[in-house]
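Residues per chain, in single letters:
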Amino acid sequence: MAVVAPVLIVLALIAYNLMLFLSASARFDRVVPDIVIAQGVSPQTAGVDPGSVLDASGVIQAQIASAMEGYEVEIEVSSSSSENASSSMLSLVGSLRTYRCTMRMRPWPSGLSIAGVELGAPAVLEHERAVTIDPWRPGVVV
């Protein structure tokens, strides 16, 4: 019993963390395309400088963070455009934008310390979802 119990406890913690991560990933995969389509195509422009109107990464990150409230996750959103930087007239028309949304989760227990010994997994679980949209055609996912 003294040999088997610690192994079973570690296996139970691994299974718990894995199920929690899979649940968070499923919610993340459902929520991200909806939020990117809603906020990336028609970003809120109140009080924003005209140069960054098409980049709605901050708004998308805040919306995803509020949608993932039940989970202890870190959200990061970055955007990239498929156009080359040029000074032509077509550079004023936005091209396809890809929003890369990354969710990071630390397994439990991660900050537990007993008698100066750090317990927990040193790794961070990461899940990424990329959504490409056309900012000029609402609801179109490429």
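Up top you'll find the structure we're talking about.
Below is a summary of the structure that appears in this document. (Residues numbered from 1 in each chain as written. Predicted model: local features only at pLDDT ≥ 70, side-chain atom pairs only at ≥ 80, totals over all residues. Heavy atoms only, no water.)

So, about the sheet that holds strand β5 (residues 125-133). Judged by pairing direction, the sheet is antiparallel, and its three strands sit side by side in the order β1-β2-β5 without closing on themselves. Each edge of the open sheet carries a strand with a single partner, namely β1 (73-81) and β5. If you compare each strand with its neighbour and ignore which way they point, the axes differ by 15° on average. By the bridge criterion, nine bridges tie β1 to strand β2 (residues 97-105) in an arrangement that is antiparallel. Following the sheet pairing, S81 is matched in β2 by R97. Against the sheet, helix α1 (residues 4-41) makes contact with β1, β2 and β5, and its axis sits at roughly 25° relative to β5, the strand it touches most. (Pairing = 2+ DSSP bridges. Helix = DSSP H or I, 4+ residues; strand = E, 2+ residues; numbered from the N terminus. Axes fitted to C-alpha atoms, helices over the stretch in contact; angles between N-to-C directions. Contact = heavy atoms within 4.5 Å.)

As a further point, take the pattern of salt bridges. This structure, assessed with the given rule, holds four salt bridges. One salt bridge connects E128 with R100, and the closest N-O pair in it is separated by 3.3 Å. Within this pair, whereas E128 is found in strand β5, its partner R100 is found in strand β2, the two being separated by 28 residues in sequence. Note on E128: relative accessible area 41%, which makes it partly exposed. In this structure, E126 engages R104 in a salt bridge whose closest nitrogen and oxygen atoms are separated by 3.1 Å. Residue E126 is located in strand β5, and its partner R104 is located in strand β2; the two are separated by 22 residues in the primary sequence. (Salt bridge = Lys/Arg side-chain N within 4 Å of Asp/Glu carboxyl O. Buried < 20%, exposed > 50% of the residue type's maximum accessible area, 1.4 Å probe, protein only.)

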